[in-house]
Protein chains: 2
Amino acid sequence: MPVNLTAPDPAALHPVAGVEIGTAMAGIRKAGRRDLAVLRLAEGASVAGVFTANRFCAAPVLLCREHLGAGQGIRALLVNTGNANAGTGEDGLARARATCVALAARLGIAPWQVLPFSTGVIMETLPHERIEAALPAALADARADGWALAAEAIMTTDTVPKAASRRLAIGGRTVTVTGVAKGAGMIRPNMATMLGFVATDAAIAPELLQPLVRELADASFNRITIDGDTSTNDSFVLIATHQAGNAPVTQLAGGEGAALRAALTEVAQQLAQAIVRDGEGATKFITVQVDGGRDAAECRQVAYAIAHSPLVKTAFFASDPNLGRILAAVGYAGIADLDQTLIDLFLDDVHVATRGGRHPAYAEEQGQRVMKQPEITVRVDLHRGAASASVWTCDLSYDYVRINADYRS
Amino acid sequence: MPVNLTAPDPAALHPVAGVEIGTAMAGIRKAGRRDLAVLRLAEGASVAGVFTANRFCAAPVLLCREHLGAGQGIRALLVNTGNANAGTGEDGLARARATCVALAARLGIAPWQVLPFSTGVIMETLPHERIEAALPAALADARADGWALAAEAIMTTDTVPKAASRRLAIGGRTVTVTGVAKGAGMIRPNMATMLGFVATDAAIAPELLQPLVRELADASFNRITIDGDTSTNDSFVLIATHQAGNAPVTQLAGGEGAALRAALTEVAQQLAQAIVRDGEGATKFITVQVDGGRDAAECRQVAYAIAHSPLVKTAFFASDPNLGRILAAVGYAGIADLDQTLIDLFLDDVHVATRGGRHPAYAEEQGQRVMKQPEITVRVDLHRGAASASVWTCDLSYDYVRINADYRS
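Predicted, not measured: the structure shown is a model, and the values here were computed from it.

Participant: So what's going on with the overall build of chain A? Residues and values would help.
Facilitator: Each helix and strand in chain A was counted, giving 11 helices and 16 strands. The proportion of buried residues among the 409 residues of chain A is 60%. Long-range pairs, those at least 24 residues apart, make up 80% of the contacts in chain A with a sequence separation of at least 6.

Structure (structure tokens):
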């Protein structure tokens, strides 16, 4: 059961001028489900992406890097679920390349103008011929309002499709930001088995796109964790079609540029949080905030130690205020000169620990009350500086084990 | 169900001259179980220890460091289960100190000659008065053959007591090595919620003891992981009573010194492996061996990435040869210049992957056969150097979640 997350209303997902989406049933892993999506981009679109830090990155990730490195001019994204084409060596690379060649031939573009994405089981051979056979159906299906179907077509163990959309005015023109993502497991920073695709029709200086996609990822997908595993296939792509008719945005620090950045950040964060809300087996949505660090990096380090701890996560699943486990995670986060006698711990508004020990006024019932909520904020104050960081995570339940023990069956 | 582990035969646990052990029921957390152990050491014993790297270390750990730092002369170890006295601030320290004072008064020694150890729930007030009230019973119970009872008295979620014993001849004298440990969860290097106590009656130069206990820990307790959590209380103590009558061992590199070191290593490794075999919810005992690294540190880093991955661990639980998850863990282990096209992966004798992709001769049935075994060796060859490292771990099962969600109830 996802935590406070329902399928998006297709009518609320605004089309992005210059993006058409078609989906098809390619039978890649299972018959009878949409498992292929093609995003066609109008000529002139700008595309930037960030990809997994996993050194065992999948064949499609290698090709994305290669194709984006070849210069601007991306005209299509080809996404399949059911098979990650990772851990597949040279053969996997050849198969991913073949799908780009096939789509490019049908669109009359060059293969490097296609970005391929795969998600699903690792170390299985990609049935590229099934993808190629389904391309005509996907292209025939292409439509501006295909976002909801795309959100479905990229799911793996997701139980709810994930999409978000915003509109704003820039220079009197309506600008749209719409995106989809998939996640579920193998989720942690840098990045998750997540695919995220966000498009805007805003005109924006192309050189702003690559730093912007990095910044958006750091504010969203790189702040979530489900099980601490970093996937081989994580990809987050930002598309600007420049078709909204606004005067091009040339800076993002203030005014309309800042408004666009805010809308993009909202969409990316909503998608990232949706991944956590629908984390494998999740029953709780937990924000871990660490304040009072010397720098943001050490705050993140502590936040992730808490968010990754199986003991902390099972306590949340049980609604058990066994909160010493949080202190233990703070202690092993790797800050060599941490002074435990300075630490404060809060659970929502409840002051649980102070100076490294149980707060004198803390009563178990208070912790119990908060632990029963579906959404909880853990806040730790290190009292050694002014920096902060927060990450989002979920609990660890029986269902996480069930889902991952059964994933291939 | 522990993996290939049964309770030790008390008769096989040889007494160590100069060590007497008494246990008692102090009712620290639950009534009617042995939860207190006192190890009395004869005058002249040497003691060395290694303790948790967790910065949130527990009050008893702080006192152990303080008392061992006061010089040699330790005469008693006081161990309780049911309460970790961690995350308890100044008050916890005062309570731990009070138990040392009480035991010292009964034994006619100074408080700094007592080392205290606690394991159990974190951030709960230690009922030190119950410990003090039970001291007379524990001391009255003191006996040379108390090792099996000690192994029981220190258990938390352990399902099987853990002890090991060896005898060897040094200079015509019989020398004994006997030890006990507890573990179960919150187990990872540096170190586990583990307590380990190993004693020998061998005469050995006291200055050898501290480097030796570090070396033993690195070869045993620092090579295991269950859930990646590092406890606040981990302690491993080595005791030498010098009473066997052998000519003192003055070096450990060869001859009889090496034989003693080997016996101590065997006992420590048997105890460490017993902790994994009895890991919370464990159904499989897994050795992760990484070869071909540039140095042992990077091999350990890769081995722990595999051993900590919830996705890898749930696949082992399911006996599912979803082995791409192992490659994914190798990829995110943090070796920045790893070349995935060099990697070999073996499951026992089965060659699963080569050059970063599925081995052409690998068939799913082969992986399936090995995955069904209770003991499995995963071997990764990085092909970038000559170093190796191995760690021991277990799978992640429904029962891990159940145990940790219910721990305090």
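Participant: So, the relation of the copies chain A and chain B: which residues are in play, and what are the values?
Facilitator: Each copy of the sequence occupies a distinct position, and chain A is placed on chain B by a rotation of 180° and an axial shift of 0.0 Å, giving an RMSD of 0.0 Å. Within this description, the copies of the chain are treated as partners about a two-fold rotation axis. Closest approach to the rotation axis among the C-alpha atoms of chain A is made by A:Tyr398, whose C-alpha sits 2.8 Å away. With an isologous cut-off of 70% or more, the 100% of interface residues of chain A that recur at the interface of chain B puts this contact in the isologous class.

Participant: Which residues make up the sheet that holds strand S11 (residues 285-293) of chain B, and what values go with them?
Facilitator: Residue and element names in this part refer to chain B. Strands sit in the order S9-S16-S11-S15-S12-S13-S14 across an open sheet of seven strands; the sheet is mixed. This sheet does not close on itself; its edge strands, each paired only once, are strand S9 (224-225) and strand S14 (357-358). The pairing of S9 with strand S16 (residues 387-394) spans two bridges and is classified as parallel. Bridge pairing in S16 places threonine 225 opposite threonine 393. Strands in contact with helix H7 (residues 296-308) are S9, S11, strand S15 (375-381) and S16; relative to S16, the strand with the most contacts, it is inclined by about 25°.

Participant: Run through unusual backbone geometry, naming residues and quoting values.
Facilitator: We note that A:Ser319 has phi near 55°; this positive angle belongs to a residue other than glycine. Inspection of the secondary structure assignment puts A:Ser319 in the loop between helix H8 (310-317) and helix H9 (324-331). Residue A:Ser319 is classed as partly exposed on the basis of its 18 C-beta neighbours within 10 Å. If you check the backbone angles, B:His242 has positive phi at about 65° while not being a glycine. Inspection of the secondary structure assignment puts B:His242 in the loop between strand S10 (235-240) and helix H6 (255-277).

Participant: A description of the interface of chain A and chain B should follow, citing residues and the corresponding values.
Facilitator: Each partner contributes to the interface: chain A provides 57 residues, whereas chain B provides 57 residues. Put simply, the parts of the chain that give the side of chain A that touches chain B at least two residues each are helix H2 (89-107), H8, H9, strand S14 (357-358) and helix H11 (398-406) of chain A. Of the residues forming the side of chain A that touches chain B, the biggest block, six residues, is contributed by H9(A). For the side of chain A that touches chain B, the residue count by class is 25 nonpolar, 21 polar and 11 charged.

Participant: Describe H7(B), listing the residues and the values that go with them.
Facilitator: All names here are of chain B. For H7, with 13 residues, the first-to-last C-alpha span of 18 Å sits near the 18 Å given by 1.5 Å per residue. Counting buried residues in H7 gives 10 out of 13 residues, a clear majority hidden from the surface. Restricting attention to buried positions, one finds in H7 the residues Glu298, Cys299, Arg300, Val302, Ala303, Tyr304, Ala305, Ile306, Ala307 and His308. Structurally, H7 contributes buried residues whose contacts are with S9, S11, helix H8 (310-317), helix H9 (324-331), S15 and S16.

Participant: I'd like a description of the domain arrangement of chain A, backed by residues and values.
Facilitator: Residue and element names in this part refer to chain A. Segmenting chain A into domains produces domain 1 (10-277) and domain 2 (285-406). Here the C-alpha centre of domain 2 lies 33 Å away from the C-alpha centre of domain 1. Between domain 1 and domain 2, the residue contacts involve 10 residues of the former and 11 residues of the latter. A per-element tally of the side of domain 1 that touches domain 2 places helix H6 (residues 255-277) first, with three residues. Class assignment of the residues belonging to the side of domain 1 that touches domain 2 gives a composition of three nonpolar, five polar and two charged.

Participant: Account for the sheet that holds strand S7 (residues 173-182) of chain B, naming residues and giving values.
Facilitator: Residues and elements named next belong to chain B. Pairing within the open sheet is mixed, and its five strands lie in the order S3-S10-S8-S7-S6. Whereas interior strands pair on both sides, the edge strands pair on one side only; in this sheet they are strand S3 (46-51) and strand S6 (162-170). Direction aside, neighbouring strands of the sheet carry axes that sit 10° apart on average. Where strand S8 (residues 195-200) and S10 come together, six bridges link them in parallel fashion. Paired with valine 198 across the bridge in S10 is leucine 238. Contacts from helix H1 (residues 59-69) reach S3 and S10, with the element oriented near 140° to S3. Of the strands in this sheet, S6, S7 and S8 touch H6, which is tilted by about 170° from S6.

Participant: If you had to explain the packing of H1(B) against helix H2 (residues 89-107) of chain B to someone new, which residues and values would you point to?
Facilitator: Residue and element names in this part refer to chain B. Packing of H1 against H2 brings their axes to within 8 Å, and their N-to-C directions diverge by 55°. On the basis of their axis angle, the class for H1 and H2 is oblique. Read as a crossing pair, H1 and H2 show a hand that is right-handed. Touching Ala59, Pro60, Leu62 and Leu63 of H1 are Gly92, Leu93, Ala96, Arg97 and Cys100, all from H2.

Participant: Lay out the pairing of strand S6 (residues 162-170) of chain A in plain terms, naming residues and giving numbers.
Facilitator: Bridge count between S6(A) and strand S7 (residues 173-182) of chain A: nine bridges; the pairing is antiparallel. Across the sheet, A:Ala164 pairs through a bridge with A:Gly179, a residue of S7(A).

Participant: So, the environment of B:Ala262: which residues are in play, and what are the values?
Facilitator: Tracing the sequence through the fold places B:Ala262 in helix H6. Sequence separation between B:Ala262 and B:Leu252 is 10 residues, and the spatial gap between their C-alpha atoms is 9.3 Å.

Participant: Could you give an account of helix H5 (residues 209-218) of chain B, naming the residues involved and the relevant values?
Facilitator: Residue and element names in this part refer to chain B. Here H5 has its buried residues at Leu212, Val213, Leu216 and Ala217. Down the axis, H5 shows its buried residues gathered within 135° of arc, on one side only. Residues of H5 that are buried sit in contact with S3, S10 and H6.

Participant: Could you give an account of the pairing of strand S10 (residues 235-240) of chain A, with specific residues and numbers?
Facilitator: Within a regular strand, the side chains alternate between the two sheet faces. Residue and element names in this part refer to chain A. For S10, the tally of buried residues reaches six of six residues, placing the bulk of the element in the interior. Burial along S10 is two-sided: Ser235, Val237 and Ile239 facing one way and Phe236, Leu238 and Ala240 facing the other are all buried. Relative to S10, strand S3 (residues 46-51) is paired through six bridges, and the arrangement is antiparallel. Pairing of valine 50 across the sheet is with phenylalanine 236, part of S10.

Participant: Which residues make up the packing of helix H7 (residues 296-308) of chain A against H9(A), and what values go with them?
Facilitator: Any two packed helices are characterised by how steeply their axes cross, that is the angle between the axes, and by the distance between the axes. Residue and element names in this part refer to chain A. Interhelical geometry of H7 versus H9 gives an angle of 135° and a closest axis separation of 8 Å. By the criterion of interaxial angle, the relationship of H7 to H9 is oblique. Taken as a pair, H7 and H9 cross one another with a handedness that is right-handed. The residues of H9 that touch H7, namely those facing Val302, Ala305 and Ile306, are Ile326, Ala329 and Val330.

Participant: Quick rundown of the confidence of the model for chain A? Include the residues and the values.
Facilitator: Residue and element names in this part refer to chain A. Confidence along chain A averages 90 in pLDDT terms, with 95% of residues attaining 70 or more. Across residues 186-192, where pLDDT falls below 50, the model places 36 contacts with residues more than four positions away in sequence or in other chains. For this predicted complex, the interface score ipTM comes out at 0.71, alongside a pTM of 0.80.

Participant: Pulling in residues and values, what's your account of the environment of B:Pro15?
Facilitator: Inspection of the secondary structure assignment puts B:Pro15 in the segment before strand S1 (19-24). Residues B:Pro15 and B:Thr200, 185 residues apart in the sequence, show an inter-C-alpha distance of 9.2 Å.

Participant: How would you summarise the environment of B:Arg173 if you had to cite specific residues and measurements?
Facilitator: Residues and elements named next belong to chain B. Locating arginine 173 in the fold gives a position in strand S7. When the C-alpha atoms of arginine 173 and glycine 245 are compared, they prove to be 6.6 Å apart, with 72 residues separating the residues in sequence. With residues up to four places along the chain from it excluded, the contact list for arginine 173 reads Ala244, Gly245 and Asn246.

Rules of the game
- Residues numbered from 1 in each chain as written.
- Chains lettered and ligands numbered in written order.
- Predicted model: local features only at pLDDT ≥ 70, side-chain atom pairs only at ≥ 80, totals over all residues.
- Helix = DSSP H or I, 4+ residues; strand = E, 2+ residues; numbered from the N terminus.
- Buried ≥ 20, exposed ≤ 12 C-beta atoms within 10 Å, placed from the backbone.
- Contact = placed C-beta atoms within 7 Å.
- Least-squares fit on C-alpha atoms with pLDDT ≥ 70 in both.
- Pairing = 2+ DSSP bridges.
- Axes fitted to C-alpha atoms, helices over the stretch in contact; angles between N-to-C directions.
- Nonpolar A, V, L, I, M, F, W, Y, C, P; charged D, E, K, R; others polar.
- Expected span 1.5 Å × (residues − 1).
- Domains from an automatic or database assignment.
- Parallel < 35°, antiparallel > 145°, perpendicular 65-115°, else oblique.
- Left-handed = near helix turned anticlockwise from the far one by under 90°.
- Arc of directions from axis to C-beta.
- pLDDT = per-residue confidence, 0-100.

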